[in-house]
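# Secondary and tertiary structure notes
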Amino acid sequence: MSQQYRLAVLNGDGIGPEIVPASVQIVDAAVATVGAPAIDWSELPLGRGAIDEFGTAVPEQTLAALSDVDGWLLGPHDSASYPEPHKSLLNPSGTIRKHFDLFANIRPAKAFPGGNAIVEGTDLVIVRENTEGFYADRNTFAGTGEMMPTKDVAIMHGIITRAATERIAHEAFKLAMTRDKRVTIVHKANVLKMTTGLFRDVCREIAAQYPEVSVNDFHIDASTVHLVRRADKFDVIVTENMFGDILSDLAGEVAGSLGIAPSINASSTQAMAQASHGSAPDIAGRNVANPIGMILSSAMLLRWLGAKFDDEAILKAADLVEEKVAATVEAGTMTPDMGGSAGTKEFAAAVVDAITAAA
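Sequence order sets the numbering: in each chain, residues are counted from 1 along the sequence as written. With pLDDT at 70 or above as the cut-off, local features in this predicted model cover only qualifying residues; side-chain atom pairs require 80 or more to be listed or tallied, and sums for whole chains, interfaces and linings still use all residues. For the side-chain quantities, the full set of heavy atoms in the structure was used; hydrogens and water were omitted.

A tally of helices and strands in the protein chain yields 11 helices and 12 strands. We take the radius of gyration over the C-alpha atoms and set the globule estimate at 2.2 Å times the residue count to the 0.38 power. Over its C-alpha trace the protein chain gives a radius of gyration of 20 Å, about what one expects of a compact globule, namely 21 Å for 359 residues. Dimensions along the principal axes, computed over C-alpha positions, put the protein chain at roughly 55 × 50 × 40 Å. Considering the protein chain as a whole, with its 359 residues, one finds that 53% of them fall into the buried category. Working definition of accessibility: Shrake-Rupley area with a 1.4 Å probe, residue cover restricted to the visible protein chains. Total accessible area computed for the protein chain in this model is approximately 14,900 Å², and 54% of it derives from carbon and sulfur atoms. Each helix corresponds to a stretch of at least 4 residues labelled H or I by DSSP, and each strand to a stretch of at least 2 residues labelled E; elements are numbered beginning at the N terminus. Note on exposure labels: buried denotes an accessible area under 20% of the residue type's maximum, exposed denotes more than 50%, and partly exposed covers the range between, all computed with a 1.4 Å probe on protein chains only.

Further remarks concern the packing of helix α1 (residues 16-33) against helix α9 (residues 292-308). Only the stretch in contact is used when fitting a helix axis, every axis being a line fitted to C-alpha atoms; angles between N-to-C directions are given from 0 to 180 degrees. Packing of α1 against α9 leaves a shortest axis separation of 8 Å and a crossing angle of 45 degrees. In terms of axis orientation, α1 runs oblique to α9. Helix-helix and strand crossings are classified by hand; for α1 and α9 the assignment is right-handed. Facing Ile19, Val20, Ser23, Ile26 and Val27 of α1, the residues of α9 in contact are Met294, Ile295, Ser298 and Leu302. Working rule for angles: under 35 degrees goes down as roughly parallel, over 145 as roughly antiparallel, 65 to 115 as roughly perpendicular, anything else as oblique. A crossing counts as left-handed when the near helix is turned anticlockwise from the far one by less than a right angle, and as right-handed when that turn is clockwise. For this analysis, residues touch if any pair of their heavy atoms sits within 4.5 Å.

Nonpolar side chains in soluble globular proteins tend to be buried together. We call a set of buried residues a nonpolar core when its members are Ala, Val, Leu, Ile, Met, Phe, Trp, Tyr or Cys and they connect through side-chain atoms within 4.5 Å of each other. In terms of nonpolar packing, the biggest core is built from 88 residues, with Phe112, Val238, Ile292, Leu301 and Val325 touching the most fellow members. Excluding residues that lie within four positions of it along the chain, Leu301 makes contacts with Leu7, Gly71, Trp72, Leu73, Ile264, Ala271 and Ala273.

Let's shift gears to a nonpolar patch on the surface. Each patch is assembled from residues with relative accessible area greater than 30% and no salt bridge, linking like charges that lie within 9 Å and nonpolar side chains (Val, Leu, Ile, Met, Phe, Trp, Tyr) that lie within 5 Å. Here a salt bridge means any side-chain nitrogen of Lys or Arg lying within 4 Å of a carboxyl oxygen belonging to Asp or Glu. Side chains of Met147, Val153 and Ile155 sit close together on the surface and give an oily, nonpolar patch of about 230 Å² of accessible area. With respect to the helices, strands and loops of the structure, Met147 is situated in strand β6 (residues 146-150).

A separate point is α9. The span expected for a helix works out to 1.5 Å for each residue beyond the first. For α9, which comprises 17 residues, the first-to-last C-alpha distance of 24 Å matches the rise-based estimate of 24 Å (1.5 Å per residue) to within 8%. Of all 17 residues in α9, 14 are buried, a share of seventy percent or more. In the stretch just after α9, Asp310 is the one whose phi turns positive, near 50 degrees.

Here we come to the packing of aromatic side chains. Stacked, tilted and edge-to-face are the three classes applied to pairs of Phe, Tyr and Trp rings, where Trp contributes its six-membered ring and a pair requires centres within 6.5 Å; stacked means planes under 30 degrees apart, edge-to-face means over 60, and tilted covers the rest. Enumeration over the complete set of coordinates arrives at 5 aromatic pairs. Each ring, one from Tyr5 and one from Phe309, has its centre 5.7 Å from the other, and the planes form 55 degrees; the classification is tilted. Here the residue Tyr5 occupies a position in the segment before β1 (6-10), and Phe309 occupies one in the loop between α9 and α10 (312-330), the gap between them amounting to 304 residues. Overall, Tyr5 belongs to the buried group, its relative accessible area being 1%.

Burial runs low along β6: only 0 of the 5 residues are buried. With antiparallel pairing between neighbouring strands as the criterion, β6 and strand β7 (residues 153-156) make up a hairpin whose turn holds 2 residues. For two strands to count as paired, DSSP must find a minimum of two bridges between them.

Moving on, we get to the environment of Asp235. Residue placement: Asp235 occurs in the loop between α7 (220-230) and β10 (236-239). The class of Asp235 is buried, set by a relative accessible area of 3%. A C-alpha to C-alpha distance of 21 Å links Asp235 and Ala273, two positions 38 residues apart in sequence. Asp235 has contacts with Asp123, Leu124, Val125, Ala176, Arg179, Asp180, Lys181 and Arg182, leaving out every residue within four places of it along the chain. Polar contacts here mean pairs of N or O atoms no more than 3.5 Å apart (in protein, one a potential hydrogen donor and the other a potential acceptor; neighbouring residues in sequence count only if both atoms are side-chain atoms). Within the structure, Asp235 has its side chain in polar contact with the side chain of Arg179 (distance 2.8 Å). Of note is the side chain of Asp235, whose polar atom sits 3.2 Å from the backbone nitrogen of Arg182.

A separate point is the pattern of salt bridges. On inspection of all chains with the given rule, the structure shows 17 salt bridges. The closest approach of N and O atoms between Arg167 and Asp101, which form a salt bridge, is 3.0 Å. One end of the pair, Arg167, is in helix α5 (residues 162-177); the other, Asp101, is in the loop between α4 (92-99) and β4 (104-110), and 66 residues separate them in sequence. The exposure class assigned to Arg167 is partly exposed, which follows from its relative accessible area of 27%. For Asp101, a relative accessible area of 33% puts it in the partly exposed group.

Before going further, it helps to spend a moment on the packing of α10 against helix α11 (residues 344-356). Packing of α10 against α11 brings their axes to within 9 Å, and their N-to-C directions diverge by 120 degrees. The orientation of α10 with respect to α11, classified from their angle, is oblique. Crossing hand, α10 versus α11: right-handed. Here α10 contributes Leu320, Val321, Lys324, Val325, Thr328 and Val329 to the contact with α11, which in turn contributes Phe347, Ala350, Val351, Ala354 and Ile355. Side-chain classes follow a simple rule in which Ala, Val, Leu, Ile, Met, Phe, Trp, Tyr, Cys and Pro form the nonpolar group, Asp, Glu, Lys and Arg form the charged group, and the remainder, Gly included, forms the polar group. Considered class by class, the residues forming the contact of α10 with α11 number 9 nonpolar, 1 polar and 1 charged.

And the structure:
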């Protein structure tokens, strides 16, 4: 029997209040279609609205509430537009990831048939270490990890540790065992010999525990070229924080649009669904945003819950969301970024119709 899940919703900024409710609507339809108990949703404040109401982008009450739910959907944030001092602080996503030690950022890039992909057949997953590396703000107990000893000198520090690399490597190799059993390690050990050299070497040490998986490695700069030319040849890519962020945006666009790129941020006990893209304030409120990235992120959260609680019904709901999103695209219903004319609401409604028709 499936259980009832308590999930939180953080709409965020920009297009967040459009794409997150669309995802909730689709998850509800899928859960109902498979006969599982309805999701118990709760909406929590985050972003510019939270600054105006509570004086902070991530209120303490939000963090406390997230500790008591099974998972949550995080909409994009527009921290670049926040007033100071909020603009200079760790952004809402980073704050939540750091607070809950969501060390694994899993970012698939999969092309849809008829979905305007640059490289047809792309089906890869980037496994991004989420707690350290060359995003300095993830490396410190307090502060941002950046400093300016004078107004003309800025310094950041990047940290790579064996412990963090080992646990993200295990995630990558375990994932590869469920796919095509291939892992690519991305680094810059020819220049950053000690830091990314340690990352590469520890990943190779962990690889020895998964003899069925084939392993290769590329420098980050070469990886961008390979993704553009032959993204369809990759399976699982594991890399540090900043490299993973850059590569996953590129991979999403190669697969058809950054708007289709989903992700989940997880520890062994908690998970957050978050589309890979930003808040796109230039198109906010126009009903043209692509909700696929957020919808598929929500499906990833369902799959994570299904695996954690051995819940076959919720795994079927995740499958249903993914299948009907792909079928909707293949039928020609797409938002403008993919060459279509459907609005955000119209695309979501078409997916809901496809899901309910499967009942």
